[in-house]
Amino acid sequence: MPPWPDSLVFRRVLGRELPTIARGEGVWLEDTEGRRYLDGSGGAVVVNIGHGRREVAEAMARQAETAAYVHGTQFTSGPLEEYARRLSAHAPGDCNRLYLVSGGSEANETAVKLARAFHLARGEPTRHKVVRRSIGYHGNTLATLALSGRPNLQAPYLPLLASTPEAAAPFCYRCPLGRTYPDCVVACVDEVETVIEREGPETVAAVIAEPVLGAAAGAAVPPDEYGQRLRAICDRHRVLLIADEVMTGFGRTGRFFAGEWSGVVPDVMTLGKGMSGGYVPVGGVLVREEIVKALEHAGGFVHGFTFSHHAVTAAACLATLDILEREGLVERVRERGERLFGLLEPLRAHPHVGDVRGRGLMAGIELVADKATRRPFPRAERRAEGLAARCFERGLVVYPSTGCANGTDGDLVMLAPPFVVTEDELGQAVSILASALDDFGRSPTRLRPTASRPARS
Ligand code: PLP
């Protein structure tokens, strides 16, 4: 008997029962049946400071009690002002003016409108296009989905999606240009320039890019020189660079922002996920001073949401930032990340592990039918979901993703535990993953109902 037989919740997954969460602490989750799970992916690469941090809950409660809601056009709040000030210490260059929203998709929508508004404000009304990359993810609203390189998510909604100019993504394991690094001389970044020139630079407002590719390509790290060359291309054509740090920000890759690895200062940076450690839905946009000034001069930014600039959200983010800083968690990511990739290394020998990639505590494990040719499994076999289900049965949460090979096929799972993970817990996570992989090759896995999985001791 499912725990909610007459549930009226329209769930994220249909046709499958879900356990009910009871509590979380550190990297551990426990359901109402008493089963424990190691949250090996922080949900959807969100949880960084760990579950159950009382300090964050208390900060939110304090603000909720004091003044939970005011409209962003009528008041500002202490936590919001303080948060923007504190966050600026981590922001690249002068890309430090904060626009707080409620999620990563909202952040990217905001960034795109901002780019357009900026060009209008400076007298270039023909600029409106946003160049995107062939593989990537920027959100699930219609505008951000249109900017994503996720054909499997886009397919049902194609008639609703605006067409957007596309350049090859820096996904070396499956190079869209069929090249190999370093012989390729990073031809994919040159393609961004070719696309801008083909479209007409005077029509292009921005380029949007994840510094490390997220779920779409399972933590694929671009070549070192990619970021600076992309920056130079944008500068040459007076196109804004939007860095989508929704997944990579707040320490996930071992630097506060992933762009720090290449020293790139974007014009606009989008945030989400780890910004509040998962304690409250949040997104944000960091913007260069010059852009804000131009908009101010032009009479403002025609944009906003009911819940933008929310005081309780800001209080949660501030408490999360306190913990990240006080506990040195970003530095911890670098150290634990090395350990994680060391533990994952032997998995490369598995006949169906095509690649293990990533940076910090953001790892992608790609599954292939044939290692030599990198041929993916047919989508109908649902290998990523199957592997994730097998891990779940054994008490490990991983984040599956599909479509990285050709938009439809291509299976991977992501490991991205909270930064408070211990070495021992990393070992447990990888050993569960390895054991789930052990019976992986035997037969195509069908997603089993999670209710049948055994309790962990
Ligand atoms: N951008 C990136 C890189 C993401 O990984 C995501 C979510 O996975 C988003 C944007 C969208 O964020 P949200 O789901 O909070 O709207």
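Being a predicted model, the structure only gives us computed values, none of them experimental.

Chemist: Teacher, can you tell me more about the side chain of E425 here?
Modeler: Relative to the helices and strands, E425 resides in helix α13 (residues 423-438). Buried and unpaired, E425 has no salt bridge, with R36 as the nearest side chain of opposite charge at 6.7 Å. Not counting residues up to four positions away in its chain, the partners in contact with E425 are V27, W28, L38 and V420.

Chemist: Can you walk me through the site of the ligand in this structure?
Modeler: Near the ligand you find G103, G104, S105, N108, Y137, H138, G139, E210, D244, V246, M247 and K273, and these make up its full shell. Within the backbone of Y137, a nitrogen or oxygen atom sits 3.3 Å from a nitrogen atom of the ligand. A distance of 2.9 Å separates an oxygen atom of the ligand from a polar side-chain atom of K273. Looking at the shell around the ligand, the element that brings in the most residues is helix α4 (residues 104-121), giving three residues.

Chemist: Hey, could you run me through the sheet that holds strand β14 (residues 411-415) in this one?
Modeler: Whenever strands of a sheet pair, they do so through backbone hydrogen bonds, lying parallel or antiparallel. A sheet is described by the order of its strands in space; here four strands give the open sequence β11-β12-β14-β13, paired in antiparallel fashion. The outermost strands of the open sheet, each flanked by one partner alone, are β11 (353-359) and β13 (399-402). Strand-to-strand, the axes of this sheet are offset by a mean angle of 20°, without reference to chain direction. Packing of α13 onto the sheet brings it into contact with β11, β12 (362-367) and β14, and relative to β14 it is tilted by some 160°.

Chemist: What is the right way to look at the packing of aromatic side chains in this model?
Modeler: In the structure shown here, the tally under the stated rule is six aromatic pairs. With 5.8 Å between their ring centres and 70° between their planes, Y99 and F301 make a pair best called edge-to-face. With Y99 in strand β4 (residues 95-101) and F301 in the loop between α9 (289-298) and α10 (311-326), this residue pair connects regions lying 202 residues apart in the sequence. Among the aromatic residues, those joined into a cluster by ring pairs are F250, F256 and F257. Its end group placed over the ring of F377, R383 keeps NZ or CZ at 4.2 Å from the ring centre.

Chemist: Would you take a moment to explain the confidence of the model for the protein for this structure?
Modeler: Low pLDDT marks regions whose predicted coordinates should not be analysed in detail. On average, the protein scores 95 in pLDDT, and the residues at 70 or more come to 96%. Overall, residues 444-457 carries pLDDT values under 50, and its contacts beyond four positions in sequence, including any with other chains, amount to 34 contacts.

Chemist: Would you mind showing me how to read the pattern of salt bridges here?
Modeler: Side-chain pairing between opposite charges can occur once the charged atoms of the two side chains come close. If you walk through the whole model with that rule in mind, you get 33 salt bridges. With a closest N to O distance of 3.0 Å, E124 and R127 form a salt bridge. As far as burial versus exposure is concerned, E124 and R127 are alike and both buried. With a closest N to O distance of 3.2 Å, E335 and R336 form a salt bridge. Look at E335 and you get partly exposed, because its relative accessible area is 41%. Its relative accessible area of 12% is what places R336 among the buried residues. Bridged by salt links that share partners, the residues R174, E345, R348, D355, R357 and E366 form one connected network.

Chemist: Help me understand unusual backbone geometry, please; the structure alone is not making it clear to me.
Modeler: Across residues other than glycine, the phi torsion is negative in most instances, and most of the peptide bonds are trans. The peptide bond linking Y181 to P182 adopts the cis configuration, its omega dihedral lying at 5°. Within the element layout of this structure, P182 appears in the loop between β6 (166-167) and α7 (187-199). Despite not being glycine, K273 has its phi angle at roughly 35°, a positive value. Topologically, K273 is positioned in the loop between β9 (268-271) and β10 (283-288).

Chemist: How should I be thinking about the sheet that holds β6 in this particular structure?
Modeler: With mixed pairing, the seven strands of this open sheet are ordered in space as β4-β10-β9-β8-β7-β5-β6. The open sheet is flanked by β4 and β6, the only strands paired with a single partner. In terms of strand pairing, β9 meets β10 through four bridges, oriented antiparallel. Bridging from a neighbouring strand, L271 pairs with G284 of β10. The strands touched by α4 are β4, β5 (129-133), β7 (204-209), β8 (240-244), β9 and β10; relative to β10, the strand with the most contacts, the crossing angle is about 25°.

Chemist: When you look at the domain arrangement of the protein in this model, what are you seeing that I'm missing?
Modeler: In many analyses, interface size is given as the accessible surface area lost on bringing the parts together. Domains assigned within the protein are domain 1 (21-52 + 328-447) and domain 2 (54-326). Once you take the C-alpha centre of each, domain 1 and domain 2 turn out to be 25 Å apart. Residue-level contacts link 40 residues of domain 1 with 40 residues of domain 2. Carbon and sulfur atoms make up 56% of the area that domain 1 and domain 2 hide from each other, which totals about 3200 Å². Run the count over domain 1 and domain 2 and you get one salt bridge. Two residues, E366 and R174, come together in a salt bridge whose shortest N-O distance is 2.6 Å.

So, how was this worked out
Residues numbered from 1 in each chain as written. Predicted model: local features only at pLDDT ≥ 70, side-chain atom pairs only at ≥ 80, totals over all residues. Heavy atoms only, no water. Helix = DSSP H or I, 4+ residues; strand = E, 2+ residues; numbered from the N terminus. Buried < 20%, exposed > 50% of the residue type's maximum accessible area, 1.4 Å probe, protein only. Lys, Arg positive; Asp, Glu negative; His and termini not counted. Salt bridge = Lys/Arg side-chain N within 4 Å of Asp/Glu carboxyl O. Contact = heavy atoms within 4.5 Å. Near = heavy atom within 4 Å. Polar contact = N/O pair within 3.5 Å; in protein donor to acceptor, adjacent residues only side chain to side chain. Pairing = 2+ DSSP bridges. Axes fitted to C-alpha atoms, helices over the stretch in contact; angles between N-to-C directions. Phe/Tyr/Trp six-rings, centres within 6.5 Å; stacked < 30°, edge-to-face > 60°. Lys NZ or Arg CZ within 6 Å of the ring centre and 35° of its normal. pLDDT = per-residue confidence, 0-100. Domains from an automatic or database assignment. Buried area = accessible area lost by both parts, 1.4 Å probe.

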